[in-house]
Amino acid sequence: MEIRTYTVDTYKDIPVPYAIFKIIYADDGNVANTQYVYVNEAYCQTAGIRREDLIGRYFLEVYGEGERRWLYYCQEAVTTGKMVRETIYSPEVQQWMNFAVQPLSQPGYVSFIFMNISKEHAREVHVQRERVTNEAIVRIAKILNDGESYEAAMNHALEEISRFIHPDRIYLLETDGVTVSNTFEWCAEGIESEIGTLQNLPYEEYISGWEVFLRDSPGVIMEDIEVLRRMGDMVDYDNLKRQGIKRLMAFPFYRQGHIAGYLGVDNYEVTDQFNTAELLETMSFFLGARIMNHQLIHELEHLGRCDGLTGINNWNAYSDEVQRLRQAHNRVGVIFIDMNGLKGIN
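Attention in this report is confined to the structure presented alongside it. (Residues numbered from 1 in each chain as written. Predicted model: local features only at pLDDT ≥ 70, side-chain atom pairs only at ≥ 80, totals over all residues. Heavy atoms only, no water.)

### Examining the packing of aromatic side chains
Next, step 1: Counted according to the given criterion, the structure contains 19 aromatic pairs.
Next, step 2: Pairing Phe21 with Tyr36 gives two aromatic rings, centres 4.6 Å apart and planes at 50 degrees, and the pair type is tilted. In this pair, Phe21 is assigned in strand S1 (residues 18–25) and Tyr36 in strand S2 (residues 31–39), connecting sequence segments 15 residues apart.
Next, step 3: Its relative accessible area of 2% is what places Tyr36 among the buried residues.
Next, step 4: A centroid spacing of 5.1 Å and a plane angle of 65 degrees characterise the contact between Trp70 and Phe99, whose relative ring orientation is edge-to-face. Taken together, the residues span a long stretch of sequence, with Trp70 in helix H4 (residues 69–80) and Phe99 in strand S4 (residues 95–103) at a distance of 29 residues. (Phe/Tyr/Trp six-rings, centres within 6.5 Å; stacked < 30°, edge-to-face > 60°. Helix = DSSP H or I, 4+ residues; strand = E, 2+ residues; numbered from the N terminus. Buried < 20%, exposed > 50% of the residue type's maximum accessible area, 1.4 Å probe, protein only.)

### Re H4
Next, step 1: The end-to-end C-alpha distance of H4 is 17 Å, a good match for the 16 Å that 12 residues give at a rise of 1.5 Å each.
Next, step 2: Of the residues making up H4, those classed as buried are Arg69, Trp70, Leu71, Tyr73, Cys74, Gln75 and Ala77.
Next, step 3: Looking one or two residues beyond H4, the residue adopting positive phi is Gly81, at roughly 70 degrees. (Expected span 1.5 Å × (residues − 1).)

### Thoughts on the pairing of strand S10 (residues 248–255)
Next, step 1: The buried fraction of S10 is high, at 6 of 8 residues.
Next, step 2: Across 8 bridges, S10 lies against strand S11 (residues 258–266) in antiparallel orientation. Opposite Pro252, over in S11, you have Tyr262 as the bridge partner.
Next, step 3: Hairpin remark: S10 followed by S11, antiparallel, with 2 residues in the connecting loop; positive phi at Gln256, about 55 degrees. (Pairing = 2+ DSSP bridges.)

As C-alpha cells, then:
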C-alpha cells in the first residue's frame, strides 16, 4: 500500500484560530507590545481582519490601548516559560473563549490558540460569576445594615470585598467636585497604606481625567497607567506611579447626577478582570448609597443644631451641651450677651 506524503497547509488546515507574535519589550524588561508574525485563516475569520492587514502590525495598533491585558498573558508565559490557559469574555469577538499562550522554542516569540466555548459552558461560566456577585451583594448588604458604626461598617465592607477579588488595594474616594479624598481603604498584606497621602487633593488636577473613560464605559479601567502619560495627564500619572500602581479600576457613584466618588482597586488580577469589573460596578452602587445616606444624616443634624443665617449653634445645640455637662458633673460658667437690634437685622 502506497502512502502518499501530505503537505499541511497551516493557513487553512488548522481548524481553530492560531497566531504567532514577536514580543516587543520595554526598557524595564516588561512586555510593551507584540507584533503579528503569523495568523491562520480561522484567526482572520474570527477577528474579521484580513491576513495582510495583520502581519507586521503591532497588536495595540490593531486593537488599541484598551486591550493591554493580552500582553500580561504574554508576560506570564515568557517569564515562567510555561503555557498559560484561561477562559475569558473577549469583547473583540463578543464571545467567551478558551485560549492558551505558550513561549516558542525561539526566544522572544509566543503563540496563541483560541477555542470558542459552547453556549452551555458560557452559561455555566455566567451563572458561576453571577452567583459570586450575588453572594457578595448579600454579604455587603448585611454588613452595611448590621448595626456597626458607619466607619466600622465601611471598612468591614471593603475587607469583605477582598474575599472575592484580590487586588493590592481597595478604596473609596469621595469628592465634592473641588477636592477629592481617600476616605476608606483596605490593603493586602505587605502593601503600604496611602490614605494619609490622599486627602483634600485638587479634583481637577488629580482625577478629573478619569471622566474621559466614562464616556464609553460605566467605569474607569486602566490596564496600564501609561495611558495617562499618553493623554498628558501627568499629575495623576505621577501620583499613581509613586504608589507603585500599574493598573487600576474604579466605578463611580453619583449624587444628584454628579460624581460623588469612586470605588476603586489598584493592581487587580489581570486574569480576573471581567469578574472584578462586574463586582465593582455592583458594589459601587451599594457603598455609594451608604455614603450618601451618611452625608444626608450629617447635613440634617447640622441643620438641626445650627442657625441657618449665621452658622452659629442654635438652642438645640445649647440644650444638648447643657445635658452633656450635667451628666459630666462639671462646674461651668455661662455668659449671656444681649445684642440690641438683632431681631431687626434678622
